[in-house]
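# Coordinates in review
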Amino acid sequence: MLRPLRLALGLLTVFPLAPRESSPEDFRRSTLFFPVAGYALGLPLSLLALLPLPEGFLATLLLLSLLGLTGFLHLDGLLDAADALLGSRARTERLRILKDPHLGPFAFGVGGLYLLLLWQALALAHEPLFLLLLPGFARFAILPFLNRYPLLHPGMAGLIRGGPVWGAFLLALPFPLLYPWPTLWTVLAAYLVARFAVARLGGINGDVLGAMIALGELGGLVGYVLWKNLGG
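Computed from a prediction, not measured in an experiment: that's the story for all the values here.

When you go through the protein residue by residue, the secondary structure sums to 14 helices and zero strands. When the elements of the protein are put in sequence order from the N terminus, they spell out α-α-α-α-α-α-α-α-α-α-α-α-α-α. Computed over the C-alpha atoms, the radius of gyration of the protein is 17 Å, within 12% of the 17 Å expected from 2.2 N^0.38 for a compact globule of 232 residues. Each principal axis of the C-alpha atoms in the protein carries an extent, and together these give about 50 × 45 × 30 Å. Among the 232 residues that make up the protein, the fraction classed as buried is 48%. Here the contacts in the protein between residues at least 6 apart in sequence split such that 75% fall between residues at least 24 apart. Carbon and sulfur atoms make up 70% of the accessible area of the protein, which amounts to about 10,700 Å² in all. For the protein, the separation between the mean place of its 16 positive charges and that of its 12 negative charges on side chains is 7 Å.

Structure follows, in structure tokens:
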């Protein structure tokens, strides 16, 4: 089980722990540990949240930590997906744009709005336990949709498709038990991105999965802020 765990950490974080050689079965089994990889990202966030810092400065540190420890992987997926999914184009043109490494206007607009909302949400939602658990659940939340919806092409999404979902759910279970309202928002955000991609592109790929994680985390943060403000 150590090899799939190292692979999950190598896929989802900047920690250089991925084995040099991995079989297709190792990739599928690595999804069991996606929540653990998320907790590895959440631990520095929870420790930072304990520091007696001004909210704005703390939110900046939290944002930089969350994005930096992923190698900006999910943000990159969000930007690529934004260009392909938005605007009025034929499906073939959308698929071509998805493969284009250059960023278009939708990527800059969505990216700027995402970073602004993420910073503001982190300024309001800095409970250490919540920040520890949210990244783990957000990385679990993509798995049911990854296994359900068609893929645009094999690639990395194809390698991890079909992995254990229920085992990953058990590892991610503390979050929905403690934070039911943010859980709903996290799952809803991931679902809407997946459905939108299927409707516009015909399926999902690694970029779409990155967008699902990025917006799932943002959805969970927004859900937490609303939950607390509504007296949850």
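So, on to the pattern of salt bridges. For the coordinates displayed, the defined rule picks out five salt bridges. Among the ionic pairs, glutamate 25 bridges to arginine 28, the shortest N-O distance being 2.8 Å. Of the two residues, glutamate 25 and arginine 28 are both situated in helix α2 (residues 24-30); the distance of three residues between them amounts to about one turn of the helix. The exposure class assigned to arginine 28 is partly exposed, which follows from its relative accessible area of 29%. Between aspartate 100 and arginine 96 there is a salt bridge; the shortest N-O distance is 4.0 Å. The exposure class assigned to arginine 96 is partly exposed, which follows from its relative accessible area of 45%.

Another aspect to go through is the environment of leucine 143. Along the polypeptide, leucine 143 turns up in helix α9 (residues 143-148). The class of leucine 143 is buried, set by a relative accessible area of 2%. Linking leucine 143 and proline 101, residues 42 residues apart in sequence, is a C-alpha distance of 26 Å. For leucine 143, the residues in contact, after removing those within four places along its chain, are Thr31, Phe34, Pro164, Val165 and Ala168.

Turning to the side chain of threonine 13, a few remarks are in order. Along the chain, threonine 13 turns up in the loop between α1 (2-12) and α2. Side-chain polar atoms of threonine 13 contact the backbone oxygen of leucine 9, separated by 2.5 Å. A distance of 3.1 Å separates the side chain of threonine 13 from the backbone nitrogen of phenylalanine 15, its partner in a polar contact. If we skip the residues at most four places from it in the chain, threonine 13 touches Ala37, Leu41, Leu69 and Thr70.

All right, on to the packing of aromatic side chains then. The description of an aromatic ring pair uses the distance of the two centres, along with the angle that the planes make with each other. Applying the stated rule across the entire model yields 14 aromatic pairs. Between phenylalanine 130 and phenylalanine 175 the ring centres are 5.6 Å apart and the planes differ by 40°, which places this aromatic pair in the tilted class. Here phenylalanine 130, found in helix α8 (residues 128-140), pairs with phenylalanine 175, found in helix α12 (residues 174-178); they are 45 residues apart in sequence, far enough to count as distant. What makes phenylalanine 175 buried here is its relative accessible area of 0%.

For an α-helix the count is 3.6 residues per turn, leaving residues at separations of three or four pointing the same way. Listed in full, the buried residues belonging to α1 are Pro4, Leu7, Ala8, Leu9 and Leu12. Taken together, the buried residues of α1 touch α2, α3 (34-49), α4 (55-69), α5 (73-85) and α8.

What counts and what doesn't
Residues numbered from 1 in each chain as written. Predicted model: local features only at pLDDT ≥ 70, side-chain atom pairs only at ≥ 80, totals over all residues. Heavy atoms only, no water. Helix = DSSP H or I, 4+ residues; strand = E, 2+ residues; numbered from the N terminus. Rg over C-alpha atoms; globule rule 2.2 N^0.38 Å. Buried < 20%, exposed > 50% of the residue type's maximum accessible area, 1.4 Å probe, protein only. Contact = heavy atoms within 4.5 Å. Areas by Shrake-Rupley, 256 points an atom, 1.4 Å probe, with all protein chains shown as cover. Lys, Arg positive; Asp, Glu negative; His and termini not counted. Charge placed at Lys NZ, Arg CZ, Asp CG, Glu CD. Salt bridge = Lys/Arg side-chain N within 4 Å of Asp/Glu carboxyl O. Polar contact = N/O pair within 3.5 Å; in protein donor to acceptor, adjacent residues only side chain to side chain. Phe/Tyr/Trp six-rings, centres within 6.5 Å; stacked < 30°, edge-to-face > 60°.

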